[in-house]
Amino acid sequence: MGKVALITGISGQDGSYLAELLIKKKYKIYGLCNPHKKIDYQNLKKIKRKITLKKFDINNYSKIKKLIQKIKPNEIYHLAAQSFINYKFEDEFFNLNPNINGTHYLLSAVKEFSPKTKFYFAASSEIFGNSSQNSQNEKTIFNPRSAYGISKVTGYHLTKNYREAYKIFACSGILYNHESPRRNKNFVTRKITFNLAKITKNKKHKIFLGNLDAKRDWGHARDYVYAMWKMLQQKKPQDFVIGSGKLHSVRDFLKIAFTYLKLDYRKFVIKDKKLYRENDKYTLKANIHKANRILKWKPKTNFKSLIKEMVFNDIKLINNQS
Ligand code: GDR
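Cut-offs used in this document
- Sequence order as written defines residue numbering, which begins from 1 separately in each chain.
- Local features in this predicted model are restricted to residues whose pLDDT is 70 or higher, and side-chain atom pairs enter the listing and the counts only when it is 80 or higher, whereas totals over whole chains, interfaces and linings include all residues.
- Values reported for side chains reflect all heavy atoms of the structure, with hydrogen atoms and water molecules removed beforehand.
- Numbering of helices and strands starts at the N terminus; helices are DSSP runs of H or I of at least 4 residues and strands are runs of E of at least 2.
- The atom set for the radius of gyration is the C-alpha atoms, and the globule formula is 2.2 Å times the number of residues raised to the power 0.38.
- For each residue, the accessible area found with a 1.4 Å probe, counting protein chains only, is set against the maximum for its type, and the residue is called buried under 20%, exposed over 50%, and partly exposed in between.
- Each accessible area is a Shrake-Rupley result for a 1.4 Å probe, and residues are judged covered by the shown protein chains and nothing else.
- In this tally, Asp and Glu contribute negative charge and Lys and Arg positive charge; neither His nor the terminal groups of the chain are included.
- For charged residues, the charge sits on one atom: NZ in Lys, CZ in Arg, CG in Asp, CD in Glu.
- Grid spacing is 1 Å over the protein atoms alone, the probe is 1.4 Å, and a cavity is where that probe fits but cannot get out, while a pocket is an open set with protein on both sides within 12 Å along at least five of seven lines and lining residues have an atom within 4 Å of a point.
- Grid points are joined across faces, edges and corners, and a volume is the space filled by probe spheres set on the points.
- For this classification, the nonpolar set comprises Ala, Val, Leu, Ile, Met, Phe, Trp, Tyr, Cys and Pro, the charged set comprises Asp, Glu, Lys and Arg, and every other residue, Gly included, is treated as polar.
- Domain borders in the structure are assigned automatically or taken from a domain database.
- By definition, residues are in contact when any of their heavy atoms lie within 4.5 Å.
- Any carboxyl oxygen of Asp or Glu that lies within 4 Å of a side-chain nitrogen of Lys or Arg is treated as forming a salt bridge with it.
- Here a polar contact is taken to be a pair of N or O atoms separated by no more than 3.5 Å, where protein atoms must pair a possible hydrogen donor with a possible acceptor and residues adjacent in sequence count only if both atoms sit in side chains.
- The arc in question is the one spanned by the directions pointing from the helix axis to the C-beta atoms.

1. Examining the overall build of the protein chain
Looking only at helices and strands, one finds ten helices and 13 strands in the protein chain. A compact globule built from 322 residues would reach a C-alpha radius of gyration of about 20 Å, and the protein chain, at 19 Å, matches this within 12%. Along the first, second and third principal axes, the C-alpha set of the protein chain runs to 60 × 45 × 40 Å. Within the protein chain, the proportion of its 322 residues that are buried is 52%. Surface accessibility of the protein chain: about 15,900 Å² in total, with carbon and sulfur atoms responsible for 50%. Averaging the coordinates of the 65 positive side-chain charges in the protein chain and doing the same for the 24 negative ones gives two points 7 Å apart.

2. Description of the layout of surface pockets
Size it by volume and the second largest pocket reaches roughly 190 Å³. Trp-218, Gly-219, Ser-244, Lys-246, His-248, Ile-288, Lys-298, Pro-299, Lys-300, Thr-301, Asn-302 and Phe-303 together form the lining of the second largest pocket. Per-class residue counts for the lining of the second largest pocket are four nonpolar, five polar and three charged.

3. Digging into the domain arrangement of the protein chain
What the domain assignment lists for the protein chain is domain 1 (4-178 + 218-242) and domain 2 (183-217 + 247-279 + 302-321). Placing the centre of domain 1 and that of domain 2 at their C-alpha centroids yields a distance of 28 Å. Facing 14 residues of domain 1, the contacting portion of domain 2 comprises 15 residues. On inspection of domain 1 and its partner domain 2, the count reaches one salt bridge. In this structure, the salt-bridge partner of Glu-309 is Arg-222, at a minimum N-O distance of 3.1 Å. Here domain 1 is connected to domain 2 by four residue pairs in polar contact (both at pLDDT 80 or more). Mapped onto the side of domain 1 that touches domain 2, the elements with two or more residues apiece are α1 (13-24), β10 (219-220) and α7 (221-231). Its residues placed into classes, the side of domain 1 that touches domain 2 shows six nonpolar, six polar and two charged.

4. Points about helix α3 (residues 61-71)
Every buried residue of α3 is listed here: Ile-64, Leu-67, Ile-68 and Ile-71. The arc enclosing the buried residues of α3, seen along the axis, measures out at 95°, which places them on a common side. Turned more than 90 degrees away from the buried face of α3 sit Lys-66 and Lys-70, all of them exposed. Regarding α3, its N-cap is Asn-60, as a side-chain oxygen of that residue lies 3.3 Å from the backbone nitrogen of Ser-62 further along. Two residues or fewer after α3 comes Lys-72, characterised by a positive phi angle close to 35°.

This is the structure in structure tokens:
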């Protein structure tokens, strides 16, 4: 019999790549989707028939309890979250619920009804926020600068406390930005590649962007979900920083993307002050030494290959639409 996995947020970029990986490894998969949001079946098109998909509110403890009691999964990957970061604190309750209550409900249900279940929490580099260190590792002090970051710190500590107090196999992956052709178009990488594809159809099309000098540590989501799985296959539960360890600016991303199509990005980009983020002044870079050493993990896809895959995927998408 294969293992059973429960994935919250399965229809997102990470959830769908992870589900594909686990299907190859013969897992039976239960995937939860937010019942208040339209499900993006596009990401699940390859695997829809191979998973049990449930519209499920993870803010409902009695439902979570029943589900865990019933399926007793070998592994839970808690990926559900409102991932677009609002630095203005407007969306804080929206952010806080899945990361805090959802994480707590799942861990508590595991403790009560399925204590052998291994648990993964999707933390984020945003927990470091305004970090005094040039690159961050598992020992770096947290200093979140957004409600999103604060909620991820809480989820991280809940996970750590259940691990230490109740001996649950629970880990947090502290993931830096990870992208792919499945990235939501709100995020800057996909916004660029999708609009670039539109430009190939209409040379008058423009892309409105905020701070082009903002830097991120970017990797491919497919590589990062493999690290999640590896974390739960270890003998001992521990937390890991997962990233590329390399910094690039939004401008670097633009230049490379446009160069693939022999275009000059400067002719198509309009800077929009409204898209600048007041609180987004911090540059975070991963130190992935521990993941290298213990998980034997490092990213397979480099920055240029990531961009190439995204650009040509969006061109195909636009061509199929027209
Ligand atoms: P981020 O990703 O906030 O880092 O969160 P995003 O792609 O939104 O921003 C990256 C950088 O690009 C700059 N930027 C713009 N961003 C957007 N979205 N739109 C623009 O037009 C634009 N112009 C410039 C931003 O200022 C920023 O510096 C992601 C998410 O996946 C989180 O869930 C995750 O926790 C973190 O990464 C690690």
